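# Per-entry structural report
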Amino acid sequence: MIPLQEKESNGQLADDLDIWSKRYRDQGYLWGDTSSACAQALLSKLKPHARVLEFACGYGRDTKVLINKGHFVDAFDKSDVGVALARERVKNHINAHRAKIVHGDFLEARIQSGFFDAAISHRTLHLIDPLRASDVVEKIAASLKPEGTFILSARSPKDFNEQQMTWVKTTGANDNTTAIYKDREAHIIYFYDEARLMALLEDSFTNISFFNGEEIESCTNIDANGQHIMSQFIMVIAQKKA
């Protein structure tokens, strides 16, 4: 049974691509081909043949490793190009009904309640308008079985890079929570600390644990010395309330 129902899409012309589709088109696999810290943590907690919901799968680096470990994955992303890349990477699993890659707005997708054993979202929450973030988390919680696992990560305020970003004032937010890339006008970062994440999760989740991590911001984000610029993030492991 595939609980996510994909909406028909007519695609987009190249000039109309969103920021992430343009980045995937022009720069390829932005974080390489290895699995994320969230996927590695989730793999250690899943029972065999678990059903996993992945929010914002990008080009499918975590989707692929989860499926290759024997799990079933329904993944979502808004990027046309990201979805196309992800589908190509796991096309044999899609044909075998072990994976589904959905393009569209997650909040509009029909997802069966209490269906998934786990959910994962790596370094995506900070890209979502905070006014919508709680709706996303609530929808993920509703999709999980009681005591299901949710692992996510978001960029932390210490990840602010003054050489590349500018602080932005936003309504209803404290200072130093929102920044924008100087050379990517559509790339806004809503930073999260532990308190902000706890407030978002505590109504639906328990056994909430925090971990600090880092990985390259992207393969193409290089400093003046030719070194990869690292991104600092907070990873959360939580369990849906019974």
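It should be noted that the structure appears before, not after, this text.
Residues numbered from 1 in each chain as written. Predicted model: local features only at pLDDT ≥ 70, side-chain atom pairs only at ≥ 80, totals over all residues. Heavy atoms only, no water.

### Re the sheet that holds strand β1 (residues 51–55)
Hydrogen bonds between backbone atoms are what pair the strands of a sheet, whose relative direction is either parallel or antiparallel. Convention followed: For two strands to pair, DSSP has to find at least two bridges joining them. Secondary structure counts use DSSP, requiring at least four H or I residues in a row for a helix and at least two E residues in a row for a strand, with both numbered from the N terminus. The angle between two axes is taken between their N-to-C directions and runs from 0 to 180 degrees, where each axis is a line fitted to C-alpha atoms and a helix contributes only its stretch in contact. Any two residues whose heavy atoms approach within 4.5 Å at even a single point are treated as in contact.
Here we have seven strands laid out as an open sheet, ordered β3-β2-β1-β4-β5-β10-β9, and mixed in their pairing. With partners counted over all chains shown, the strands left at the sheet margins are β3 (99–103) and β9 (205–216), one partner each. Between one strand and the next, the sheet's axes are offset by a mean angle of 15°, whatever the strand orientation. Strand direction decides the pairing type here: strand β4 (residues 116–121) and strand β5 (residues 144–155), joined by five bridges, are parallel. Following the sheet pairing, I120 is matched in β5 by I151. Packed onto the sheet, helix α4 (residues 80–89) meets β2 (72–77) and β3 and runs at close to 165° relative to β3. Along the sheet, helix α7 (residues 194–201) makes contact with β5, β9 and β10 (230–240), crossing β9 at roughly 140°.

### Remarks on the sheet that holds strand β6 (residues 165–167)
Strand order in the open sheet made by the three strands is β6-β7-β8, with antiparallel pairing throughout. The two strands at the open ends of the sheet, each matched to only one other strand, are β6 and β8 (184–190). In this sheet, neighbouring strand axes are inclined to one another by 30° on average, regardless of whether the strands run parallel or antiparallel. The sheet contact formed by strand β7 (residues 178–181) and β8 spans four bridges and is antiparallel.

### As for the nonpolar core
Where a protein is soluble and globular, its nonpolar side chains tend to be buried together. For clarity, the threshold we go by: Nonpolar cores are built from buried Ala, Val, Leu, Ile, Met, Phe, Trp, Tyr and Cys residues. Side-chain atoms within 4.5 Å join them into one set. Only protein chains enter the accessibility calculation, which uses a 1.4 Å probe; a residue is then buried when its area is under 20% of its type maximum, exposed when over 50%, and partly exposed in between.
Within the largest apolar cluster, 32 residues are counted, with the highest numbers of intra-cluster contacts made by L125 and F205. Of all elements in the fold, only β1, β4, α6 (130–143), β5, α7, β9 and β10 reach the threshold of two or more residues within this core. For this core, the element with the most residues is α6, which contributes five residues. In this structure L125 touches A133, L152, S153, A154, Y192, L197 and L200, once residues within four positions along its chain are discounted. Counting 24 residues, the second largest nonpolar core, distinct from the first, contains A50, C57, I151 and I237.

### Some words on the packing of α6 against α7
A pair of packed helices is captured by two measures, namely the crossing angle of their axes and the spacing between those axes. Stated formally: Orientation categories follow fixed angle ranges, with anything under 35 degrees roughly parallel, anything over 145 roughly antiparallel, 65 to 115 roughly perpendicular, and all other angles oblique. All amino acids are sorted into three groups, where Ala, Val, Leu, Ile, Met, Phe, Trp, Tyr, Cys and Pro are nonpolar, Asp, Glu, Lys and Arg are charged, and the leftover types, Gly among them, are polar.
At their nearest, the axes of α6 and α7 sit 9 Å apart, and the two run at 50° to each other. The orientation of α6 relative to α7 falls into the category oblique. Residue-level inspection shows P130, A133, S134 and V137 of α6 in contact with α7, the latter providing R196, L200 and L201. Each residue belonging to the contact of α6 with α7 can be placed in one class, and the counts come to five nonpolar, one polar and one charged.

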